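Each chain is listed here by its residues.
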Amino acid sequence: MTAVSAVALGQPDTVRARPSAGPADGVGRAGAGGSAGSDVVGDIVGVLGGMGPAATADFFAKLVQETPAARDQEHLRTLVWSDSTVPDRTAAILDDGPSPLPRLREGVRLLESAGVTLIAMPCNTAHAYLPELRRESGVPVLSMIDATVGRLRQAEPDVTRVGLLATTGTLVAGLYQEALRACGMTAVVPAPLLQQRCVTRAVGLVKAGRLEAAGQSLEPAVRNVAEAGAQIIVAACTELPLVLGHRAGDLPVFDPTTALAQDVVALVRRRPQNDHTKEEL
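Keep in mind that this is a model prediction, so the values were computed, not measured. Every chain begins its residue count from 1, and numbering advances along the sequence as written. Local features in this predicted model are restricted to residues of pLDDT 70 or higher, and side-chain atom pairs are both shown and tallied only at a pLDDT of 80 or more, whereas totals for entire chains, interfaces and linings draw on every residue. Just so you know, side-chain values use all the structure's heavy atoms and leave hydrogens and water out.

Trainee: Just give me the short version of the overall build of the chain, but keep the residues and values in it.
Mentor: The helix count covers DSSP runs of H or I at least four residues long, the strand count covers runs of E at least two residues long, and both are numbered beginning at the N terminus. When helices and strands are counted, the chain shows 11 helices and 8 strands. In this scheme, a residue with accessible area under 20% of its type's maximum is buried, one over 50% is exposed, and one in between is partly exposed, where area comes from a 1.4 Å probe on protein chains only. The buried share of the chain, taken over its 281 residues, is 53%. Using a 1.4 Å probe, accessible areas were evaluated by the Shrake-Rupley method; residue-level cover was limited to the displayed protein chains. Carbon and sulfur atoms make up 51% of the accessible area of the chain, which amounts to about 11,500 Å² in all.

In structure tokens form, the structure reads like this:
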């Protein structure tokens, strides 16, 4: 596996499929008008990030890449709150570590006070706290899980077994397993020993900036889910797209970071979108 930086991953006709290009065709919550050829106005995208900082930077790069724009003024207005002091999400889920919820709430309030009209949270494990954040937020908070599963189902209708590489907290919370099952797909997860020795270790190595070592660490886990019948890999921790290429071994890789960026663009641009975004309007 080769280390890559902020590039969209996955098959060219799946993860990287962009919303149809063209000028903004919608208006933001603020009610500002838009017309063909006009600058993007209205919506302000809030990014609840810092979990970790490199993953947040990767999301912003993909948000820029997925926006059909020919000049600066056609890109989305974006506020990024990168709070690296948010307590470890997996530790909170597994070991009764400090809850990240107070810091996440603080981030949501800060973004709302600054005028954002929707929020994206590029951390899969933090979605264990999404219901609480949505109840308290005055603006839509998009789901990275729903964005991924919905776009995966559309792009790969024949896939039934999905290799899930994620933090142990994400796996224990069942975030992807339940969403995949609802769409007729089964999650294939690494054996427990490989989850700890390979996937958890790889996430830590990415956070420490050791991308090449992280990619090598993932290889046994990739082989394990492939042997168990996985047809595609979902890089379900925002650190992992930084080290997985468009393929992991013989399997294609689907990138949730890109899926979330595409959902943000679809919502702001008022393109056709999945049900989970429509519900938040």
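Trainee: Give me the pattern of salt bridges: which residues, what numbers.
Mentor: What makes a salt bridge here is a side-chain nitrogen of Lys or Arg within 4 Å of a carboxyl oxygen of Asp or Glu, nothing more. Within the structure shown, the criterion is met by 8 salt bridges. One salt bridge connects R151 with D263, and the closest N-O pair in it is separated by 2.8 Å. Taken together, the positions of R151 in helix α5 (residues 144-155) and D263 in helix α10 (residues 256-269) put the pair 112 residues apart, joining distant regions of the chain. Residue classification places R151 among the buried positions, given a relative accessible area of 17%.

Trainee: Would you mind going over the environment of E74 in detail, with residue names and values included?
Mentor: Here E74 lies in the loop between α1 (53-66) and β2 (77-82). The term polar contact refers here to a pair of N or O atoms within 3.5 Å; inside protein, the definition further demands a hydrogen-donor-capable atom paired with an acceptor-capable atom, and it admits residues adjacent in sequence only when both atoms are side-chain atoms. A polar contact is formed between the side chain of E74 and the backbone nitrogen of A70, at a distance of 2.7 Å.

Trainee: Describe the environment of V203, listing the residues and the values that go with them.
Mentor: The topology assignment puts V203 in helix α8 (residues 192-207). A sequence separation of 37 residues divides V203 from A166, and the C-alpha atoms of the two residues are 8.7 Å apart. Ignoring sequence-local partners within four residues, the contact set of V203 consists of C237, E239 and L240. Residue contacts follow a heavy-atom distance rule, with two residues in contact if any of their heavy atoms lie within 4.5 Å.

Trainee: Now, about the sheet that holds β2: what can you tell me, with residues and values included?
Mentor: At least two bridges found by DSSP between two strands are what make those strands a pair. Spatially, 3 strands are ordered β2-β1-β3 in an open sheet, and the strand pairing comes out parallel. The strands lining the two open edges of the sheet, one partner per strand, are β2 and β3 (118-120). Along the sheet, successive strands turn relative to each other by an average axial angle of 25°, direction set aside. In the sheet, strand β1 (residues 44-49) pairs with β3 via 3 bridges, with the strands oriented parallel. Along β3, the bridge assignment pairs V47 with A120. Every angle, taken between N-to-C directions, lies between 0 and 180 degrees, and every axis is a line fitted to C-alpha atoms, over only the stretch in contact when it is a helix.

Trainee: A description of helix α9 (residues 211-227) should follow, citing residues and the corresponding values.
Mentor: Taking 1.5 Å per residue as the helical rise, α9 with its 17 residues ought to reach 24 Å, and the 25 Å between its terminal C-alpha atoms agrees with that figure. Elements that come into contact with the buried residues of α9 comprise β4 (161-165), β5 (186-188), α8, β6 (232-235) and β7 (247-248). Of the residues trailing α9, G229 is marked for its positive phi of about 105°. Each helix should span, by expectation, one fewer than its residue count multiplied by 1.5 Å.

Trainee: Help me get a handle on the sheet that holds β5, residues and values and all.
Mentor: Here we have 5 strands laid out as an open sheet, ordered β5-β4-β6-β8-β7, and mixed in their pairing. Edge positions in the sheet fall to β5 and β7, since each has one partner strand and no second. Bridge count between β6 and strand β8 (residues 251-254): 2 bridges; the pairing is parallel. Among the inter-strand pairings, I233 is bridged to a residue of β8, identified as V253. With respect to the sheet, helix α7 (residues 175-182) is in contact with β4, β5 and β6, its orientation differing from that of β4 by roughly 165°.

Trainee: Explain unusual backbone geometry to me, using residue names and the numbers behind them.
Mentor: In this structure, the amide linkage connecting M51 to the following residue, G52, adopts the cis form with an omega of -5°. By secondary structure assignment, the location of G52 is in the loop between β1 and α1.

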